[in-house]
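So the chains spell out like this:
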2 protein chains.
Amino acid sequence: MRMRIFHAASLFGIAALLAAGMIPARAATGGNKAYASVDPFIGTAGGGHTFPGATVPFGMVQVSPDTQILDFHKSYGWAAGYRYEDKTILGFSQTHFSGTGHSDLGDVLLMPIAGAVRLDPGDPDKPGSGYRSRFSHSDEIAQPGYYAVTLQDYGIRVELTATQRVGLERYHFPADQPAHVLVDLRSSIYDYPGKVLWSSLRVRPDGTVTGYRITRGWAPGRRLFFAMRFSQPMTGHELHDLEGPLDYKGFAPPAANHPAERAQVLGRALVGVFDFGALKNPVLLVKVSVSPVSEDNAIRNLHAEMPGWDFDATRAAARTAWTQALSVFDVDATPGMQKSFYTALYHTMIAPNLAMDVDGRYRGPDNAVHQAQGFNFYSTFSLWDTYRAEHPLLTLIQPPRRTDDIIRSFIAFQHESPYGMLPVWSFDGLETWCMIGYHAVAVIADAYMKGIRGYSADQALKAMVATATYGPYGGLKYYMKLGYVPIDKEPEAASKTLEYAFDDWTIARMAQAMGRKQIAAEFYQRAGYWRNEFDPKTGFARARLSNGKFRVPFDPAAAGYGSDYTEGDAWQYSWYEPQDIGGLIHELGSDQKLVAKLDAVFDSKVNPKEFANVEDITGLIGYYAHGNEPSHHIAYLYDYAGEPWKTQERLRQIMDSQYAPTPDGLVGNDDCGQMSAWFIFTALGFYPVAPASNEYVIGRPFVKRATLTLPNGRHFTVVAERLSDANPYVGSVTLNGKPLNRVYIRQQEIMAGGVLRFVMQPQPNKRWGTSPAGRPYSMSTYE
Amino acid sequence: MRMRIFHAASLFGIAALLAAGMIPARAATGGNKAYASVDPFIGTAGGGHTFPGATVPFGMVQVSPDTQILDFHKSYGWAAGYRYEDKTILGFSQTHFSGTGHSDLGDVLLMPIAGAVRLDPGDPDKPGSGYRSRFSHSDEIAQPGYYAVTLQDYGIRVELTATQRVGLERYHFPADQPAHVLVDLRSSIYDYPGKVLWSSLRVRPDGTVTGYRITRGWAPGRRLFFAMRFSQPMTGHELHDLEGPLDYKGFAPPAANHPAERAQVLGRALVGVFDFGALKNPVLLVKVSVSPVSEDNAIRNLHAEMPGWDFDATRAAARTAWTQALSVFDVDATPGMQKSFYTALYHTMIAPNLAMDVDGRYRGPDNAVHQAQGFNFYSTFSLWDTYRAEHPLLTLIQPPRRTDDIIRSFIAFQHESPYGMLPVWSFDGLETWCMIGYHAVAVIADAYMKGIRGYSADQALKAMVATATYGPYGGLKYYMKLGYVPIDKEPEAASKTLEYAFDDWTIARMAQAMGRKQIAAEFYQRAGYWRNEFDPKTGFARARLSNGKFRVPFDPAAAGYGSDYTEGDAWQYSWYEPQDIGGLIHELGSDQKLVAKLDAVFDSKVNPKEFANVEDITGLIGYYAHGNEPSHHIAYLYDYAGEPWKTQERLRQIMDSQYAPTPDGLVGNDDCGQMSAWFIFTALGFYPVAPASNEYVIGRPFVKRATLTLPNGRHFTVVAERLSDANPYVGSVTLNGKPLNRVYIRQQEIMAGGVLRFVMQPQPNKRWGTSPAGRPYSMSTYE
């Protein structure tokens with residue numbers, strides 16, 4: 001854990017720090033292993049795109065420092081607003097994505113200022129040129145639900161914590177300087193000219209500041225409302241419209257020329273400055289709530305969740321929530337592994353996010369306000385990523401209610417969508433149409449097959465079928481007619497065909513379990529459509545034209561946006577038939593052919609510059625790109641060909657090279673928890689290659705022991721005897737003391753509780769797990 | 001009445017016209033005098049800025065043809081979307097202002113098209129260059145609640161009618177041409193680049209088309225939602241974004257490149273085309289509802305008010321509503337006068353407008369959604385104009401509930417306003433800050449003094465005082481401190497001081513009546529602040545600097561935006577002390593001095609070009625500008641100086657020169673009914689010079705007889721014996737048979753019912769109405 005004691009003794013005595021709760025909680029209260037092992041800085045450098053700020057699990061507000069706001073063309077590295085390498089902080093905004101490869105948010109940026117106020121952030125290379133401030137990592141603390149930093153230019157200590165819908169900031173101002181808080185409504189992650197379509201900033205008679213903005217970003221026309229209150233009375237304020245009013249015959253609200261007298265300002269470039277004078281009590285708190293619905297609802301959220309001003313109690317509550325969430329695992333591992341493990345676990349519980357006000361209202365994909373009836377509405381669904389391992393993990397580490405709420409949110413979304421579709425990549429209830437597939441169906445089917453059924457299965461299946469048959473989406477009308485997506489009609493056709501076929505298989509699985517034979521038959525048929533794109537001659541999945549011919553020329557290493565594949569190439573995508581690896585082996589000709597192909601994936605000499613044109617292809621081992629999701633299941637496929645020791649080798653290669661307990665320890669975008677969920681499963685020794693199969697394919701464990709407290713109260717323990725760097729291979733496996741010779745375990749075996757015991761050894765055990773009878777599920781099998 | 005029979009016999013037989021209800025209703029059913037006398041074309045040429053389209057009284061939807069959409073710099077003449085001089089129609093939009101001098105609206109423009117579709121309106125000088133169509137007045141019918149025209153370029157007959165919240169259009173398409181309806185969400189009255197901040201257009205699975213737009217117009221950030229349905233099934237549609245998507249990394253909704261497959265389009269330049277093929281039944285209806293709240297609420301409004309497709313019944317219901325509203329007066333006058341009178345009456349009941357959905361929700365000045373509890377929320381308050389005569393008239397011709405609702409809307413507005421102020425010039429619940437003063441207080445006080453009290457008087461008075469003491473508004477903080485608005489701190493200071501003082505007097509009146517002595521005393525004092533701007537040396541109200549000196553140089557004929565006066569000069573504004581004409585006479589020195597000043601106003605030789613820089617100063621008689629409101633009471637002021645025959649003379653001069661029963665018959669903006677309300681009162685023989693005084697100052701009648709059915713069921717009749725052009729002077733007046741020697745009548749005398757009988761004569765009667773004891777109310781009197 002990044003446990004830095006705050007050294008600014010020149011500003012504050014230790015006693016004051018203790019009184020202010022600024023000594024890290026562990027030192028004060030002891031804490032527990034799980035909580036103390038989390039380092040929120042992991043992923044804030046490198047490719048992780050995580051943020052270090054404060055949130056509660058799945059919280060709506062995620063308040064965090066932003067270090068750079070750039071035009072979106074240059075913003076990839078700043079998708080979470082903060083980069084560890086930066087030297088200045090712009091301020092603290094209320095909303096962030098965790099680990100995304102595209103971005104938005106950074107709403108309602110607050111900056112405490114001591115002394116003179118500048119309205120622009122200034123140049124990071126010219127300290128003092130604007131309101132931004134220098135900072136040092138040595139003054140920084142990040143813990144789940146808590147963040148602190150010292151703004152060196154102002155001598156202000158800042159602490160952040162949060163409830164579900166409210167961010168709470170505590171500022172320790174220096175003496176004898178006028179204290180201000182600046183609010184910049186222009187500031188937005190992934191900025192561009194004209195992104196803020198309209199905004200409002202208003203000071204109410206009781207001192208509450210409210211506002212909203214409508215942005216044209218990733219989600220077009222998004223509305224974000226907020227409310228904030230300060231713990232001490234304002235002595236003055238200024239409301240600026242830095243763009244100035246548009247000349248529409250010059251009618252203006254009262255005091256339009258006097259920012260200090262304005263009660264409200266409307267426009268597209270709004271900055272507010274709230275003044276508090278030279279404070280007698282130098283500690284000023286500000287609480288900020290957000291709402292997708294209205295300013296009034298933001299005020300409701302504020303009052304309901306944070307009626308008072310107890311920063312320490314709020315911080316303690318956030319800590320308790322995280323301690324509870326993280327302690328589902330009791331892990332015994334090396335210190336670095338333990339830190340990586342619990343930080344990964346932390347990162348799997350930041351998204352999806354609550355996207356609903358305390359009164360149950362939320363904004364749906366029609367951009368209208370709806371009322372949730374008996375469930376919590378969630379959003380921030382990075383589904384192309386998270387259906388793989390993040391959502392399957394949540395079914396094990398969270399109460400079923402969480403997944404039920406997610407699925408009920410999906411169903412509501414489909415009902416409200418102008419397209420009648422389940423979410424693809426949505427946040428704040430709005431659709432971004434980012435990435436491909438309709439993987440919400442896999443999330444639903446996975447949960448249903450696992451017995452998580454706190455929703456109407458009929459409604460769910462109806463929504464799934466409606467989504468999978470919506471012709472205008474991503475070439476689906478051709479896919480349904482031709483059995484594949486033709487590349488002359490639709491870009492990234494090869495990837496789309498493969499992913500649709502997998503999603504279709506999950507629909508078939510659920511329909512079959514529900515006794516809906518006709519739907520099951522239809523979608524089992526579609527689940528085989530991957531073959532229509534597979535070229536046995538080259539041994540790759542390839543894009544086909546609508547005349548049936550494969551597109552030429554064909555280069556299996558060619559990647560690019562809008563190419564035949566999605567953020568990938570044939571080397572990465574050809575093995576995406578998780579529902580039918582037996583069929584893939586058949587197409588290739590033999591187990592050995594698959595193994596040879598997989599070896600070629602990992603062992604090819606590849607110049608990373610080949611992929612410089614695709615931001616997300618990172619973390620290369622040969623063609624294997626762990627930094628992006630299409631590769632995530634590949635290492636496990638050796639199991640299907642009877643060579644599990646090769647899976648074990650590749651996993652070690654990946655774990656050693658792609659993760660580290662350092663700020664740059666995530667080689668690719670965490671993608672709302674998917675990179676981290678992969679890590680958790682892999683560290684435990686198994687992975688859900690085909691969600692909805694109810695099977696986890698066995699790799700090898702990376703922790704000595706891990707006990708999972710299941711939602712049903714039982715315990716499932718993984719033990720890795722003799723685990724060490726010298727013993728990287730699985731020698732034997734027992735489940736509850738009985739030898740396990742198959743290379744997968746079943747969902748119900750985990751849920752029953754028990755012990756999965758590995759005995760590790762220095763050399764591959766080429767007899768364990770090699771039997772065709774012990775292979776994981778496949779639609780078709782060829783022996 | 002403009003009673004044109006539709007002559008397009010080449011397109012439709014008379015039988016079909018009858019069946020379609022297209023023969024004007026009078027011909028078919030008889031109708032009554034009031035309804036049949038209205039000509040909605042009056043004011044559509046000249047300066048009136050009225051629209052000829054269809055609405056019910058005070059309706060939320062006011063559907064009307066638009067002939068030109070121009071940049072707002074050139075749009076003054078097209079403030080209502082339509083000009084009688086134009087040769088082409090762009091389409092039919094759902095919302096309009098009646099008679100304003102600044103503008104907005106023109107939302108959701110529909111255009112039926114037969115044959116090929118063009119997406120742009122094209123050049124009016126090049127017929128056929130776009131979707132606009134030529135038309136002829138000979139094909140046009142306009143009646144209260146009904147409008148019809150033939151689009152010559154398409155051979156389509158169009159008819160419009162409406163309910164409160166729904167516009168209904170009936171299109172008669174020619175045979176054998178594909179029928180389309182184009183919806184242009186770009187089109188907006190008072191346009192400018194970037195006015196549409198964001199918009200949406202969506203086709204729902206059941207064929208309902210919904211959408212919204214957010215505009216940056218007169219009311220900044222206004223939201224307008226709509227829903228429409230067609231009477232026949234669509235065969236196809238196209239949803240265009242003619243601006244194209246902004247490049248934010250290129251994620252796009254399904255079928256983004258296929259306008260025909262889109263379920264929704266979002267953007268800033270949206271056009272939808274809805275196709276119906278070659279219709280077997282050539283009559284296609286479309287109904288369009290609007291909502292300030294949401295698309296769902298627009299759908300609710302649509303279903304609640306118009307579940308079916310009966311155009312004729314809807315038209316008949318609109319006719320019934322108007323017949324009822326108009327028949328409060330039974331007027332006997334010359335045909336021209338009768339037409340002018342009933343058309344004026346019609347124009348007094350177009351605004352204010354209902355601005356609330358069927359579920360009682362509306363949008364307030366905080367741009368948030370609120371729920372009306374037990375009242376109807378109204379907006380479109382052109383208060384600087386309408387407090388003078390429009391609102392006082394409504395208290396006589398409409399049930400008290402109408403005014404109660406208006407006042408409850410005011411109170412709700414003040415409560416929701418970020419400024420805590422009553423409306424100044426608001427529409428759709430939003431504030432525009434147009435014009436000066438806080439005349440909502442005069443509307444409330446006038447109603448209260450008349451006994452209309454269906455609201456909390458305490459809340460009302462609180463809102464009035466809060467408004468009148470809001471320092472940042474229009475120099476009020478200086479006014480409260482110095483006793484006048486200083487011109488070096490605030491433009492148009494002379495006008496503001498005068499109008500605030502009048503408004504303050506109305507607050508004092510109401511506070512006194514409520515027994516709130518302290519408030520009454522404070523505001524009676526403020527009511528005398530007009531003296532602080534009055535310069536006895538020059539005999540004009542003049543702007544004073546904050547050092548107490550009058551600003552020099554002083555030119556009583558100088559006018560200009562942001563000058564010392566508001567849309568006026570010293571010649572027009574100096575007599576604006578309606579609460580204290582006695583005080584004015586004292587300042588001037590004598591009755592004769594006032595008479596001389598008034599004569600100079602009317603008799604000065606003035607070149608209208610002097611006022612070319614102020615659009616609203618029109619209708620000049622000397623300096624008297626009947627086309628703008630500051631002059632409206634001036635002709636009645638002779639009464640206060642004992643020379644009522646001069647009032648009678650001036651009124652004749654005004655009535656003869658400023659009104660005519662023709663399209664160009666309104667010399668100035670009707671201003672949401674104020675010009676028309678002036679006409680109604682003046683035609684009856686009295687006028688509310690000082691609303692809240694409960695007095696009407698007597699002029700002379702212009703109708704032979706008029707019986708007003710009062711809201712309490714009683715009848716008040718004005719009789720003008722011997723009325724003719726040769727007898728323009730009042731010889732004698734009796735009220736209920738008793739001689740009336742004062743020059744005013746009281747509100748309670750009207751409400752009691754009775755007969756006010758004038759006997760007209762050729763020469764002035766210089767003895768009637770000359771006694772100081774018979775003069776109207778004045779705060780101070782000096783004999």
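Remember, predicted model here, so these are calculated numbers, not experimental data.

Undergrad: Just checking my understanding: could you explain the overall build of chain A for this structure?
TA: Within chain A one finds 20 helices and 37 strands. Its C-alpha radius of gyration of 26 Å places chain A within 12% of the 28 Å reference for a compact globule of 783 residues. Projected onto the principal axes, the alpha-carbon positions of chain A cover approximately 80 × 60 × 50 Å. Taken as a whole, chain A presents about 23800 Å² of accessible surface, with 52% of it coming from carbon and sulfur.

Undergrad: Could you clarify how one ought to interpret the packing of aromatic side chains in this entry?
TA: Enumeration over the complete set of coordinates arrives at 97 aromatic pairs over all chains. Between the NZ or CZ atom of Arg544(A) and the centre of the ring of Tyr484(A), over which it lies, the distance is 5.6 Å. Positioned over the ring face of Trp78(B) is Arg83(B), at 5.9 Å from the centre of the ring.

Undergrad: Explain helix H14 (residues 517-527) of chain B here, please?
TA: Along an α-helix, residues three or four positions apart point the same way, because every turn accommodates 3.6 residues. Residue and element names in this part refer to chain B. Those residues of H14 that sit buried are Ile519, Ala520, Phe523, Arg526 and Ala527. One side of H14 carries all its buried residues, which in axial view fall inside an arc of 130°. When the buried face of H14 is taken as reference, the exposed residues oriented beyond 90 degrees from it are Lys517, Gln518 and Gln525. Tucked into the core, H14 has its buried residues touching helix H11 (457-468), helix H12 (476-482) and helix H13 (493-513).

Undergrad: Help me out: how do you make sense of the environment of Ala142(A) in this one?
TA: Residue and element names in this part refer to chain A. Along the chain, Ala142 falls in strand E6 (residues 141-143). Residue Ala142 is classed as buried on the basis of its relative accessible area of 0%. Residues Ala142 and Ala372, 230 residues apart in the sequence, show an inter-C-alpha distance of 34 Å.

Undergrad: Is there a simple way to think about the confidence of the model for chain A in this case?
TA: Low-pLDDT stretches of the model should not have their predicted coordinates read in fine detail. All names here are of chain A. On average, residues of chain A carry a pLDDT of 94, and 95% of them reach 70 or more. Across residues 1-31, confidence stays below pLDDT 50; counting only partners more than four residues off in sequence or on other chains, it has 70 contacts. We note a pTM of 0.94 for the whole complex and an ipTM of 0.92 for its interfaces.

Undergrad: Sorry, what's going on with the interface of chain A and chain B here?
TA: How big an interface is tends to be stated in terms of accessible area lost as the parts join. Taken together, the contacts link 55 residues of chain A with 55 residues of chain B. At the surface where chain A touches chain B, the tally comes to 4 salt bridges. Across the pair Glu261(A) and Lys477(B) runs a salt bridge, and its minimum N-O distance is 2.2 Å. Here chain A and chain B share 8 residue pairs in polar contact (both at pLDDT 80 or more) between them.

Undergrad: What is the right way to read the packing of helix H16 (residues 581-588) of chain A against helix H17 (residues 591-603) of chain A from this model?
TA: A pair of packed helices is characterised by two quantities: the angle between their axes and the separation of those axes. Residues and elements named next belong to chain A. Where H16 meets H17, the closest approach of the two axes is 7 Å, and the angle between their N-to-C directions is 95°. Considering their axes alone, H16 and H17 lie roughly perpendicular with respect to each other. Within the contact between the two elements, H16 uses Ile581, Leu584, Ile585 and Leu588 and H17 uses Asp591, Lys593, Leu594 and Lys597. Tallied by class, the residues present in the contact of H16 with H17 amount to 5 nonpolar, no polar and 3 charged.

Undergrad: Please clarify how the pairing of strand E11 (residues 196-203) of chain A should be interpreted in this entry.
TA: Looking along a regular strand, one sees side chains alternate from face to face of the sheet. Residues and elements named next belong to chain A. Judged by how many residues are buried, E11 sits mostly within the fold: 8 of 8 residues are covered. With 7 bridges connecting them, E11 and strand E12 (residues 209-216) associate as antiparallel partners. Within the sheet, the bridge partner assigned to Ser199 lies in E12 and is Arg213. Two elements, E11 and strand E15 (residues 264-267), share 4 bridges in a ladder whose sense is antiparallel. The partner of Ser199 across the bridge, within E15, is Gly267.

Undergrad: Please clarify how the environment of Ile141(B) should be interpreted in this entry.
TA: Following the sequence through the fold, Ile141(B) ends up in strand E6 (residues 141-143). Through-space distance from the C-alpha of Ile141(B) to that of Gly53(B) is 9.4 Å; in sequence the pair is 88 residues apart.

Undergrad: Looking at this model, I keep getting lost on helix H5 (residues 311-326) of chain A. Mind explaining?
TA: In a regular helix each residue adds 1.5 Å, so 16 residues correspond to 22 Å; H5(A) covers 22 Å between its end C-alpha atoms and thus fits that length. For H5(A), every residue scored as buried is listed here: Phe311(A), Thr314(A), Arg315(A), Ala318(A), Arg319(A), Trp322(A), Thr323(A), Ala325(A) and Leu326(A).

Undergrad: Looking at this structure, how should I read the sheet that holds strand E36 (residues 744-746) of chain A?
TA: Strand pairing in a sheet relies on backbone hydrogen bonds. The paired strands run either parallel or antiparallel. All names here are of chain A. Taken together, 3 strands build an open sheet; the order of strands is E30-E31-E36 and the sheet is antiparallel. At either margin of the open sheet sits one strand with a lone partner, and together these are strand E30 (686-687) and E36. Two strands pair when backbone bridges link them, and E30 and strand E31 (residues 695-698) are joined in this way by 2 bridges, in the antiparallel orientation. Among the inter-strand pairings, Phe686 is bridged to a residue of E31, identified as Ile698.

Undergrad: How should unusual backbone geometry be read in this particular structure?
TA: Peptide bonds are trans in most cases, and residues, glycine excluded, mostly fall at negative phi. Residues and elements named next belong to chain B. Of the consecutive residues Ala351 and Pro352, the connecting peptide bond is found in the cis state with omega at -5°. When you line up the elements, Pro352 lands in the loop between helix H6 (335-347) and strand E19 (353-354). Of the consecutive residues Val552 and Pro553, the connecting peptide bond is found in the cis state with omega at -5°. Mapped onto the secondary structure, Pro553 falls in the loop between strand E27 (540-541) and helix H15 (570-573).

Undergrad: Please clarify how the relation of the copies chain A and chain B should be interpreted in this entry.
TA: What relates the two chain copies is a rotation about an axis together with a slide along it. Overlaying chain A with chain B gives an RMSD of 0.0 Å, the required rotation being 180° about an axis along which the chain moves by 0.0 Å. These values place the two chain copies in the arrangement generated by a two-fold rotation axis. Proximity to the rotation axis, assessed at the C-alpha, singles out Leu197(A) in chain A; its C-alpha lies 3.1 Å from the axis. Most of the interface of chain A is mirrored in chain B, where 100% of its interface residues are also at the interface.

Undergrad: Before we go on, may I ask you to explain the pairing of strand E8 (residues 156-162) of chain A in this structure?
TA: Residues and elements named next belong to chain A. In terms of burial, E8 is largely enclosed, as 7 of its 7 residues are buried. The two faces of E8 match: Ile156, Val158, Leu160 and Ala162 on one face and Arg157, Glu159 and Thr161 on the other face are all buried. Two elements, strand E7 (residues 146-151) and E8, share 5 bridges in a ladder whose sense is antiparallel. Looking at E8, one finds that Leu151 is bridged to Ile156. Linking E7 back to E8 in an antiparallel pair, the connection comprises 4 residues, with Gly155 at a positive phi of about 65°. Here 6 bridges tie E8 to strand E9 (residues 166-172), and the two strands are oriented antiparallel to one another. Following the sheet pairing, Arg157 is matched in E9 by His172. The antiparallel hairpin formed by E8 and E9 contains 3 residues in its connecting segment.

Thresholds applied
- Numbers given to residues run from 1 along each chain, matching the order in which its sequence is written.
- Throughout, the order in which chains and ligands are written sets their labels, letters from A for the former and numbers from 1 for the latter.
- With the structure being a predicted model, the display of local features is reserved for residues of pLDDT at least 70 and the display and counting of side-chain atom pairs for 80 or more, all residues being used for whole-chain, interface and lining totals.
- Calculated side-chain values reflect all of the structure's heavy atoms, with hydrogen atoms and water omitted.
- Numbering goes from the N terminus for both helices and strands, where a helix is a DSSP run of H or I of at least four residues and a strand is a run of E of at least two.
- Radius of gyration here uses only the C-alpha atoms, and the compact-globule reference equals 2.2 Å multiplied by the residue count raised to the power 0.38.
- Methods summary: accessible areas were calculated by the Shrake-Rupley approach with a probe of 1.4 Å, and residue burial reflects only the protein chains presented.
- Aromatic rings from Phe, Tyr and Trp, taking only the six-membered ring of Trp, are treated as a pair when their centres fall within 6.5 Å; an angle between ring planes under 30 degrees marks them as stacked, one over 60 as edge-to-face, and anything in between as tilted.
- We call a charge positioned over a ring when the NZ of a Lys or the CZ of an Arg lies within 6 Å of the ring centre and within 35 degrees of the ring normal.
- Exposure is judged per residue with a 1.4 Å probe applied to protein chains only, and the accessible area is read against the type maximum: over 50% gives exposed, under 20% gives buried, and values in between give partly exposed.
- By definition, the arc is the one covered by directions from the helix axis to the C-beta atoms.
- Any two residues whose heavy atoms approach within 4.5 Å are treated as being in contact.
- Each residue carries a pLDDT score, the predictor's own confidence in it, on a scale running from 0 to 100.
- Whenever a carboxyl oxygen of Asp or Glu lies within 4 Å of a side-chain nitrogen of Lys or Arg, that contact is scored as a salt bridge.
- Here a polar contact is recorded for every N or O atom pair within 3.5 Å, except that within protein the pair must consist of a potential hydrogen donor and a potential acceptor, and residues adjacent in sequence are included only if both atoms are side-chain atoms.
- Each axis is a line fitted through C-alpha atoms, and for a helix only the stretch in contact is used; angles between axes span 0 to 180 degrees, taken between their N-to-C directions.
- Throughout this description, any angle smaller than 35 degrees is read as roughly parallel, any larger than 145 degrees as roughly antiparallel, any in the 65 to 115 degree range as roughly perpendicular, and the remainder as oblique.
- Residues were grouped as follows: Ala, Val, Leu, Ile, Met, Phe, Trp, Tyr, Cys and Pro as nonpolar; Asp, Glu, Lys and Arg as charged; and all remaining residues, including Gly, as polar.
- A strand pair is defined by DSSP finding two or more bridges across the two strands.
- Here a helix's expected span is defined as the number of its residues, less one, multiplied by 1.5 Å.
- Our superposition of the copies is a least-squares fit, built on the C-alpha atoms of residues whose pLDDT is at least 70 in both.

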